[in-house]
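The lines below spell out each chain.
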Protein chains: 2
Amino acid sequence: MDFENVLSILKNDLDDVEGLISKNLGSSVPLLSDIGYYLSGGRGKRIRPILVLLSSKINGYEGIRSIIYSTVVELIHMATLLHDDVVDGAEKRRGSVSVNSKWGNQASILVGDYLFAKSFSLMAEDKDNKIIDSISRTVVKMAEGEVMQLAGSYKITEDEKTYMEIINRKTASLMSSCCKIGAILGNNGRKEERSLLSFGLDIGMAFQLVDDALDYVAKEDKLGKSLCKDLKEGNITLPLIHLYRTVNGTDKKRIKDIVESDNIIEKDQIGLIIDMIMKYGTIDYTMGIAKKYVETAKEKMNIFSDSKYLKALLTVADYIVERKF
Amino acid sequence: MDFENVLSILKNDLDDVEGLISKNLGSSVPLLSDIGYYLSGGRGKRIRPILVLLSSKINGYEGIRSIIYSTVVELIHMATLLHDDVVDGAEKRRGSVSVNSKWGNQASILVGDYLFAKSFSLMAEDKDNKIIDSISRTVVKMAEGEVMQLAGSYKITEDEKTYMEIINRKTASLMSSCCKIGAILGNNGRKEERSLLSFGLDIGMAFQLVDDALDYVAKEDKLGKSLCKDLKEGNITLPLIHLYRTVNGTDKKRIKDIVESDNIIEKDQIGLIIDMIMKYGTIDYTMGIAKKYVETAKEKMNIFSDSKYLKALLTVADYIVERKF
C-alpha cells in the first residue's frame, strides 16, 4: 500500500471533511470568506484529518464525528499556519502566495483567530468534554512550543533536547491528539488510547524532523516554499544543531557568525552551510532519528488487529519519512 | 454607590480572580512567563470579571466557578488586546509600553494564542457545555467584528449600521456572555438568562461608544494610550461617521481627503477634525446613544429583586458612561 492508496480508501471521508472545512471557512463577512475561499484552494496534505479518520476506523468508529474532529484539527492547523507565516514573514505557503503577503499581517492574525474560534465552536457543538480537554491542552502546548522556538531564534546551539521539546509541543502534540481522538470516538479503552496517543506523538516528531531536513535539501518547486527558510529566519533546527556540534572550532565560529549576524544571510553563506551539512551527514543523522521514531511508532500498533485501515495508518507513518516535500 | 464601592464590595473575589489570572499567565517557558508577569502588572479595569461576579451574585451563585469564568473572560480579553495592538501597531496600552513594542509582534501574536488556549483549557476543566458553547460563539463573533473593522479601515462612511454591527461583535458580545454566565451559574431560568444577555449587550455597546468618544476628547495621560488613535489608524468610529454625515460638501471632501490619504495624518489635520467634532456636537451625539443603551439596559434588570449586588451592577452600567478614561 502507498500513500495514494490511503487517499483512495479515505476518498469519501476526505470529501466530507473538505465540505465541512469549506463550510467553516465561509462567513457573512466578505473579507473572511474571501480568505477562507483562498485557503480552501491551497489544500495541504490533510495529514491530521487522515490520522483522525484512520485511528477512528481501527477502533471501529465510522460515524460523522470523525469528520467533525478532522475538520476541527485541520482548522487549528490552518490557524497556526496563518500566525506562523506572520511570525516568520513567510511569502509563500503550499506553493502559493501566503495570506499575509496577499492580504497583510493584520488580516492573517485576525483570520487565524477566527479559525481557532471556529474550531472550538465546532467542538462545543459536539459536547465531548474529554476531547475538548485534550485539544485545549494541546493548543496551549503548541503556543508554548512556538514561543520557545521564537525565544531561541538566531541563537546557535548544540542543545538537541530543547529542540526536541519544541517540536514535541509545536507539531507532535497535535498529531498525537488526532490519533487519540480516534480511540476516544471508538471508546475501546485506555490501552488503545494510550497506544495511539504515543503513536501520534512519535510520527509527529518524525514529521517535523523530516520537515526540518527537507528545508535544507528539498527541491524548492516541490516544497512549495522557499528553501533554507529556517536558516534565513533564524529557526535553529536539528540539521544545524548537529552540524554545529560536529564541526571543528574554525567552522563553529563561521556558523555562529552567519546564524547570529544582524544582517540578512547571503546566498554564498547559505551555500557554505549547505555544503557543510552535506559533508558532515547531518541530514542522514536527522532522517535516521525520524526513521527510528516511525519504527517505534509502528510497533505500538501491534495491539490492533490487522485490517486495511491499520495497514493504511502504518503506510501514513512510512510516508512521513519517505515524502520528498 | 459609586464604582469604588463596587470594587470594595467585590474585593475578595477580585483578589481571587487576580490570583487565578497570575497563575494562568505563568508558564515553564521563560519568555511566556516574563510577558505574563508584565501583563498582570498593567492591570485593566477588570470590567468583564466584575460583570461575571455580579451577575452570578444576583442569581444567588457565590462559588468558585464565578472566579474561574471571570479569569476565562479576562484572558480572552487580554488575548484580543495583544492581537489588536499588533494589528493597530499600538505603542502604548494601559499607560505602559505595549507588549508588541517591548517584545515584538511575533511574541504578541504567540502569547495571544497562548492566552486564548489557556482560557479554553480552563473552561474545558469545568466541563460546562452551555458556557463553552456560548463563549466559543462569542469568540467567533469577536474575530468577525475585528475583521469587519479592518475591512472598513481608512474608508470614510456615513454608514452607522455597519459600525454598530462591528462594536456589537467585537465588544458587546463578550460583555453579554459575561452577564449570561452569571445567570447560567445561578441556574435560575431562561428569563434571567435572556435579561442578563441583553443587559450585557447593551452596556457593551455603550462601553465601546464611550471608548470611541473618549478617543477624541479624553486627556491622554488618563487614557493610557495616545489620543485620536482611531483616526490615526484609520478606524472609522461613530464620532467621525456622524461628523461626515453632518457637514457640508466642502468639509465632507476635506474629511475624506484626510482619512483616506495614504500619508500619515498630520497634527494640524487632527486639530481640524477635532475642531469640527466639537463644533457639530458629534461627541454629545455619540454619548447620547451610549446613555440610551445604559438606560435600556438598566430597565431590563427590573426582574431581579433589590440587593447590594443589583445596585452594584447598575452602578457599573452608569460608570460605563460616566468614566473619563
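Counting starts from 1 at the beginning of each chain's written sequence and moves along it residue by residue. Each chain takes a letter, starting from A, and each ligand takes a number, starting from 1, following the order in which they are written. Local features in this predicted model are restricted to residues whose pLDDT is 70 or higher, and side-chain atom pairs enter the listing and the counts only when it is 80 or higher, whereas totals over whole chains, interfaces and linings include all residues.

This part is about unusual backbone geometry. Residues and elements named next belong to chain A. A positive phi angle is found at K127, which is not glycine, with a value near 55°. Think of it this way: any DSSP run of H or I at least four residues long counts as a helix, any run of E at least two long counts as a strand, and we number them from the N terminus. Assignment of secondary structure puts K127 in the loop between α7 (105–126) and α8 (129–151). In this structure K127 comes out as partly exposed when scored by C-beta crowding, with 13 C-beta atoms within 10 Å. A positive phi angle, close to 60°, is found at Y154, a residue other than glycine. You can see Y154 is positioned in the loop between α8 and α9 (160–186). With C-beta atoms placed from the backbone, the exposure class of a residue follows from how many other C-beta atoms lie within 10 Å of its own: 20 or more, buried; 12 or fewer, exposed; in between, partly exposed. Overall, Y154 belongs to the partly exposed group, with 13 C-beta atoms counted inside 10 Å.

What follows is about the relation of the copies chain A and chain B. For these two chains of identical sequence, chain A goes onto chain B by a turn of 180° and a shift of 0.0 Å along the axis, with RMSD 0.0 Å. Accordingly, the operation relating the two chain copies is best matched by a two-fold axis. Take the interface residues of chain A: 100% of them recur as interface residues in chain B, which is what a same-surface contact looks like. Fitting of the copies onto one another was done by least squares over C-alpha atoms, counting residues only where both copies have pLDDT of at least 70. Once C-beta atoms are placed from the backbone, any two residues with those atoms within 7 Å are in contact.

With 201 residues, the main nonpolar core has A206 of chain A together with A206 of chain B as its most contacted residues. Once you skip the residues sitting within four places of it in the chain, A206 of chain B turns out to touch A290, Y293, V294, I320 and V321 of chain B. Among buried residues, those of type Ala, Val, Leu, Ile, Met, Phe, Trp, Tyr and Cys that are joined through C-beta atoms within 7 Å form a set called a nonpolar core.

Listed by partner, the interface residues are 37 residues for chain A and 37 residues for chain B. By the convention adopted, Pro, Cys, Tyr, Trp, Phe, Met, Ile, Leu, Val and Ala count as nonpolar, Lys, Arg, Asp and Glu as charged, and the other residues, Gly among them, as polar. In the side of chain A that touches chain B, the residues fall into 23 nonpolar, six polar and eight charged.

Every α-helix carries 3.6 residues per turn, so stepping three or four residues along brings you back to the same face. All names here are of chain B. A helix is expected to reach a length of 1.5 Å times the quantity of its residues less one. Here helix α3 (residues 30–41) spans 17 Å end to end across twelve residues, near enough to the 16 Å set by a 1.5 Å rise per residue. What α3 keeps buried is the set L32, I35, G36 and L39. Along the axis of α3, the buried residues cluster in a sector spanning 105°; they form a single face. For α3, the exposed residues set more than 90 degrees away from the buried face come down to P30, Y37 and G41. Summarising the geometry, the arc corresponds to the directions from the helix axis toward the C-beta atoms.

Attention shifts here to the packing of helix α10 (residues 190–217) of chain B against helix α17 (residues 308–322) of chain B. Residue and element names in this part refer to chain B. Between α10 and α17, the least distance of the axes is 8 Å, while the angle of their chain directions is 20°. With respect to each other, α10 and α17 are oriented roughly parallel. In this structure, α10 crosses over α17, and the sense of that crossing is left-handed. The segment α10 lies against α17, with I203, A206, F207 and V210 engaging A317, I320 and V321. Geometry is summarised by axes, namely lines fitted to C-alpha atoms with helices restricted to the contacting stretch, and by angles between N-to-C directions that run from 0 to 180 degrees. Any angle that is under 35 degrees is reported as roughly parallel, and any over 145 degrees as roughly antiparallel; angles of 65 to 115 degrees are reported as roughly perpendicular and all others as oblique. Should the near helix be turned anticlockwise from the far one by less than a right angle, the crossing is termed left-handed; should it be turned clockwise, right-handed.

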